[in-house]
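# Residue-level structure breakdown
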Amino acid sequence: MTRTTAWLVSVGLLVAAPAQAGQAPPPVGGLASPAAPARSPDLPFAFDGPPPPVPPEVVARDAAGRATIRAVRLTAPLRLDGRLDEAFYTTVRPISDFIQTEPQEGAAATEKTELWLAFDRDNVYVSFRCWESHPERLVANEMRRDNGTIWGGNDNVSFGFDTFYDRRNSFQFTVNPIGGRQDGQVTNERQWNGDWNAIWEVKVGRFEGGWTGEVAIPFKSLRYRPGQAQIWGFNAFRTNRWKNEISFITRIPNALGQRGLLQASLGATVVGLEAPSGSRNVEIKPYAISDLKSDRVATPKISNDASGDFGVDAKYGVTQNLTTDLTYNTDFAQVEADEQQVNLTRFGLFFPEKREFFLENQGIFSFGGVGGGFMGGGGDTPILFYSRRIGLNEGRAVPIQAGGRLTGRLGRFSVGALNIRTDDEPVPGARATNFSVIRVKRDLLRRSSVGLLLTGRSIGQSGAGTNTVYGVDGTFAFFDNLAVNTYWARTRTDRLSGDDTSYRAQLDYAGDRYGAQVERLVVGDDFNPEIGFVRRDDMRRTFAQLRFSPRPRSIKAVRRFSWIGSMLYIENGARRLETRDGNGEFAIEFQNSDRFSVNYGTNYEFLPRPFRIAPGVTVPVGGYDFDSVRVGFTLGSQRKQSGNFSVEYGTFYSGHKTAIAVSRGRVNVTPQLSLEPTYSLNKVDLEEGSFTTHLLGSRVTYTMTPLMFASALVQYNSGSHLVTANVRLRWEYRPGSELFVVFNEERDTLAPRFPALANRALIVKVNRLFRF
C-alpha cells in the first residue's frame, strides 16, 4: 500500500470517528507551510511531497497561525433560518479564536466569533455567531446584492473557498447583519470579479449579544477537482466596523487588510469534505423582452415604437472544472448606465464593463497583471482584451447574434476561449464581425504564472481588413508583498505596420511600512489591439514610486501616516520628452477610517499638435510647466454620511485651474434607502479662453429585500449639455431568475424648449433559470 493510499484510508477513519469532546486536536501532520503540495495528474490528490495534513477534531493551528479545518458531515438537515438552534451547534465545536489583522496584527480579536463549516449531499454550509459588546453600534445599512458598501462600509463576515486547492484562485462570499450579500471570483490572488453571481441562500438573525448567519451554497454553484474526496482552501474574516477591526481565522499581514481574503495561499486547509462527483451541470436561462422607444435624434425620428424579442443563455459543465457558456440573441438592456466623466486630457477615457456575460470569469482573460473588467483599466498600460469593443460602437449598442465561451482549469493550466458574432448596425456604421479570444496560463511556483493571449476580429474597426493580437506575459509573486508583472505583445492590422509592439516590466513591493514600485512600459505608434483599450500610444514610460507608512503608537486617534513620492517620465518614439510628473503626498489614516491628504504635483506636458480642450478653446503646440496643490478628506464609509471631498488649485497650461470634487458620496437615510451624490467643478482660465465644467449626479436606491431593489441614476453633464436618467427595478423572484423594469431618458439642455427630449425607452425583461 502506497503512502498516499494509506493516508486516504486514515482520513476516512478520522472523519468517520472524530475525536471525543474535550480531546485535544491532533497535530497538523506534514503541514510545513500554506503552499499547496505537488499533485499527480492522475489522482485527485496524489501528492509527491509530504502527506497532506491529518484532519483535526475541528481546527488545529500551528505557532505561525496556519490552520487545518475538518469539514463536518451533517447527520440531520439544517433548517436555514439564521437562529443556530439545531443540536449541531451544541455538539460540534466551532472554529473560533480569530486573529486580528487590523489594527494590531497578530493580537486576539476583541470580539468573539464562532464559525462552523459543514456539508451534506447537496450543499456546503457556513454558519457563524458574532458576539458584540455594543450591539447598538452595529453598522448595517445596505441590503442590495453586490453593493460595495456591504464589503467596505458594513459589519460583515466574509469567507472564501479555494476549491481547486491551487492556493491562488477562490470563490468568495460576504454577508452583513441585515442579510445583504455579495459574491465574487478571485483570480491569481489579485483580480476580483464581483459580477460572478452564484446561486446560494443566506439567513441572518439577532440575539442579545450580537448577530448570527447561516449560508448554504450548492455544490452545483461551485467548480472543483474531480473525485468525491476533496481538499479545499478556506479562510474567513469578520469586520467590526465601529472599531474598524478586521480579524481572520489565520494570521494575515496588516498590509493586506480585508484584501487578505484574496490571498488563497494564506488560508486554512479543509479536509474531510466529500463532494458530488461525476455531475455535469446544465443551466438554461431563456429571456423575453418588450420595449417602447422614442428617439428624436434619429433619422427618421422614432416615436413610441413598440417591439419585443427573446433569447437564451446556457451553461454546460464539460467536466467539474471546465464550463461552456453559450448565448443566442444576447441582450443587456438591464445593465446600469455608465457614470459620466469629465476629460481635460488629450487621451481617451476608460469605462468599466458592466455586462454580466463578459464579466463572469473575466479574470482568466486578464493579461500582464492588468484587468479589463470592473476594477481594471484606466491607466497607461494597454488592455489587450477589452470586452466593451464587442456589442458597442461609438456608444451605441450593436446586436450580438450568438457566442460561446469555454473557461476552467486543466491541471496547472487555466484556459479560456471566446467567440462572439455581432450583426450589422447602420447607425454607427458597424459591419457584421466575428470576435475571437484564446487565453492559456500555466501556474508556476507558489503564486506565479506565465501565459499566452491571442485575439482577432474578422472586420477591423475601420470597417475593412482584419486585426489580430498575440502576446506572452508573466506574473511572479515572491514572499507576501513582492510582485513582478511583465508582458510582450504585437498587433497585426491591415495597412498598418511598423512600430507595432508593446512591452512592460513592473516591480512592486507593497509592504505595510514601506512600499516601492518601478516600471518600464513601451507602446509603439502602430500598436493597435482593436479588441483592446490603448489610452496612449507612441510612448516610452518610466515610473518610480516610494512610500513610507509608519503606525504611531503614541497617537491613539491615528492608525497610520503615509508619505508617498513618485516620478513619471514619458518620451515619444523619437525620444522627445512629452510628459514629466513629480508628485508628493502626505496622508493621515485615522482609527475611525477617516483620511486626510495633501498632494503637491509639478508637471510638464508637451503638446505635439493643437489640443481642443473645450468648445472655442484650443491650446497651441508647445511645452507647458504647471504645478498644483490638492487637499482631500474622506469620511469613513461606516458613517451615515460618507464620501471623498477635495479641492485643487494650480497653474494649468497657459493659465490656472480650480477644481472641487465630491465623489463616492453616500447618505444612509434608512437601512433600505440611500443617496449617492457626486459633483465635480472645473474652473479653467487660459490665455486662449476660459470655461467651466459641471458634472452633477446622484444614485438613489431603495431596497425592499436583499433580492429586490429599485434605483435611479440621474446625471447632468455641462460638457455634453445633457440630463440623463436611468431607473431600474430588479427582482430575483426565485434563485437565478429575475424580472427587470428599466426606464431610460435623455434630455438636451440647449434645445429651444428646455429640456427637450432626445430619447426615451421603457423596457421590461424577464428570465427564468432551469438547472439540471
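Residues numbered from 1 in each chain as written. Predicted model: local features only at pLDDT ≥ 70, side-chain atom pairs only at ≥ 80, totals over all residues. Heavy atoms only, no water.

## What to know about the overall build of the protein chain
For the protein chain, the helix and strand inventory stands at 4 helices and 44 strands. Along the first, second and third principal axes, the C-alpha set of the protein chain runs to 85 × 65 × 55 Å. Taking contacts inside the protein chain between residues at least 6 apart in sequence as the whole, the part at least 24 apart equals 58%. As displayed, the protein chain offers around 33,300 Å² of accessible surface, 57% of which is attributable to carbon and sulfur atoms. Side chains of the protein chain give 91 positive and 81 negative charges; the mean places of these two sets differ by 2 Å. (Helix = DSSP H or I, 4+ residues; strand = E, 2+ residues; numbered from the N terminus. Contact = heavy atoms within 4.5 Å. Areas by Shrake-Rupley, 256 points an atom, 1.4 Å probe, with all protein chains shown as cover. Lys, Arg positive; Asp, Glu negative; His and termini not counted. Charge placed at Lys NZ, Arg CZ, Asp CG, Glu CD.)

## Focus on the sheet that holds strand β3 (residues 72–73)
As summarised here, the arrangement of the 5 strands in space is β3-β5-β6-β12-β11, forming an open sheet in which the pairing is mixed. Both edges of this open sheet fall to β3 and β11 (201–207), since each of them pairs with a single strand only. Two strands pair when backbone bridges link them, and β3 and strand β5 (residues 113–119) are joined in this way by 2 bridges, in the parallel orientation. Note on β5: the bridge partner recorded for Val-72 is Ala-118. (Pairing = 2+ DSSP bridges.)

## Quick look at the packing of aromatic side chains
Counting across every chain of the model gives 36 aromatic pairs. Between Tyr-224 and Trp-232, the ring centres sit 6.0 Å apart and the planes meet at 40 degrees, which makes this aromatic pair tilted. No difference in accessibility class separates Tyr-224 from Trp-232, as the two residues are buried. In this structure an aromatic cluster arises from ring pairing among Phe-159, Phe-161, Phe-171, Phe-173, Trp-196, Trp-200, Phe-219, Tyr-224, Trp-232 and Phe-234. Sitting above the plane of the Phe-652 ring, Lys-657 keeps its charged end 4.8 Å from the centroid. (Phe/Tyr/Trp six-rings, centres within 6.5 Å; stacked < 30°, edge-to-face > 60°. Buried < 20%, exposed > 50% of the residue type's maximum accessible area, 1.4 Å probe, protein only. Lys NZ or Arg CZ within 6 Å of the ring centre and 35° of its normal.)

## Let's talk about a nonpolar patch on the surface
Residues Ile-438, Leu-452, Leu-454, Val-472, Trp-488 and Tyr-503 make up a contiguous nonpolar surface patch of roughly 500 Å² in combined accessible area. Within the secondary structure, Leu-452 sits in strand β24 (residues 448–457). On the basis of relative accessible area, Leu-452 is assigned to the partly exposed category, the value being 37%. (Patch = residues over 30% accessible without salt bridge, like charges linked within 9 Å, V, L, I, M, F, W, Y side chains within 5 Å. Salt bridge = Lys/Arg side-chain N within 4 Å of Asp/Glu carboxyl O.)

## Points about the pairing of strand β14 (residues 245–248)
Of the two faces of β14, the one lined by Glu-245 and Ser-247 and the one lined by Ile-246 and Phe-248 are each fully buried. Inspection of the sheet shows strand β4 (residues 99–102) paired to β14 by 3 bridges, in the antiparallel sense. Bridging from a neighbouring strand, Glu-102 pairs with Ile-246 of β14. Hairpin connection, strand β13 (residues 229–240) to β14: the antiparallel pair is bridged by 4 residues, and Asn-244 has positive phi, about 55 degrees.

## A word on the pairing of strand β25 (residues 467–478)
Alignment of β24 against β25, held across 9 bridges, turns out to be antiparallel. In the sheet register, Arg-457 faces β25, and the bridge partner there is Asn-467. Direction of pairing for β25 relative to strand β26 (residues 482–493): antiparallel, over a ladder of 12 bridges. In the strand pairing of β26, Tyr-470 is matched with Arg-490. In sequence, β25 turns back onto β26 through a hairpin of 3 residues, with Phe-479 there showing a positive phi of about 55 degrees.

## Considering the side chain of Arg-504
Along the chain, the position of Arg-504 falls in strand β27 (residues 501–510). Excluding residues within four positions of it along the chain, Arg-504 makes contact with Gly-368, Val-370, Thr-381, Asn-485, Thr-486, Tyr-487, Glu-519, Arg-520 and Leu-521.

## Let's talk about the pattern of salt bridges
Side chains that differ in charge, positive against negative, can pair when their charged atoms come close. Applying the stated criterion across every chain, the model contains 49 salt bridges. A salt bridge links Lys-112 to Glu-114, with the shortest nitrogen-to-oxygen separation between them at 3.3 Å. Residue Arg-490 is joined to Asp-500 by a salt bridge in which the shortest nitrogen-to-oxygen separation is 3.2 Å. Within this pair, whereas Arg-490 is found in strand β26, its partner Asp-500 is found in the loop between β26 and β27, the two being separated by 10 residues in sequence. Look at Arg-490 and you get partly exposed, because its relative accessible area is 26%. Sharing partners across several salt bridges, the network here consists of Glu-102, Asp-512, Arg-551, Arg-559, Arg-560 and Glu-589.

## Digging into the nonpolar core
Soluble globular proteins tend to pack their nonpolar side chains together in the buried interior. Core analysis: the largest hydrophobic core is formed by 51 residues, its most contacted members being Phe-161, Phe-173 and Phe-234. Excluding residues within four positions of it along the chain, Phe-161 makes contact with Leu-117, Val-124, Val-126, Asn-169, Ser-170, Phe-171, Phe-173, Ile-217, Trp-232, Gly-233 and Phe-234. Residues Ile-364, Val-437, Val-469 and Ala-489 belong to the second largest nonpolar core, which totals 26 residues. (Core = buried A, V, L, I, M, F, W, Y, C linked by side-chain atoms within 4.5 Å.)

## Side note on the side chain of Gln-715
With respect to the helices, strands and loops of the structure, Gln-715 is situated in strand β40 (residues 708–717). Under the relative-accessibility criterion, Gln-715 is labelled buried at 7%. Within the structure, the side chain of Gln-715 is placed 3.1 Å from the backbone oxygen of Asp-338, a separation counted as a polar contact. If sequence neighbours within four positions are ignored, Gln-715 has contacts with Asp-338, Glu-339, Gln-340, Leu-696, Gly-697, Leu-722, Val-723 and Thr-724. (Polar contact = N/O pair within 3.5 Å; in protein donor to acceptor, adjacent residues only side chain to side chain.)

## As for the confidence of the model for the protein chain
One rule of thumb: low pLDDT means the predicted coordinates there are not for detailed reading. The share of residues in the protein chain with pLDDT of 70 or more is 91%, and the mean pLDDT across the chain is 87. Segment residues 1–50 is flagged for pLDDT under 50; beyond a separation of four residues in sequence, or across chains, it makes 82 contacts in the model. (pLDDT = per-residue confidence, 0-100.)

## Some remarks on unusual backbone geometry
In this structure, the amide linkage connecting Glu-102 to the following residue, Pro-103, adopts the cis form with an omega of 0 degrees. Inspection of the secondary structure puts Pro-103 in the loop between β4 and β5. Here the phi dihedral of Tyr-165 falls at roughly 50 degrees; this positive angle occurs in a residue that is not glycine. Note on Tyr-165: relative accessible area 2%, which makes it buried. Here the phi dihedral of Ser-593 falls at roughly 80 degrees; this positive angle occurs in a residue that is not glycine. Tracing the sequence through the fold places Ser-593 in the loop between β31 (577–590) and β32 (595–607). Judged by its relative accessible area of 24%, Ser-593 falls in the partly exposed class.

## Quick look at the environment of Arg-768
By the element assignment, Arg-768 lies in the loop between β43 (756–767) and β44 (770–771). Once you skip the residues sitting within four places of it in the chain, Arg-768 turns out to touch Ile-284, Lys-285, Pro-286, Tyr-733, Arg-734 and Ser-737.

## What about the environment of Glu-142?
Along the chain, Glu-142 turns up in the loop between β6 (123–131) and α3 (148–152). Overall, the relative accessible area of 2% leaves Glu-142 in the buried class. As for Glu-142 and Leu-507, which are separated by 365 residues in sequence, their C-alpha atoms are 38 Å apart.

## Concerning the environment of Asp-526
You can see Asp-526 is positioned in the loop between β28 (514–523) and β29 (539–548). Other than its neighbours up to four places away in sequence, Asp-526 contacts Thr-491, Leu-496, Ser-497, Gly-498, Asp-499 and Asp-500.

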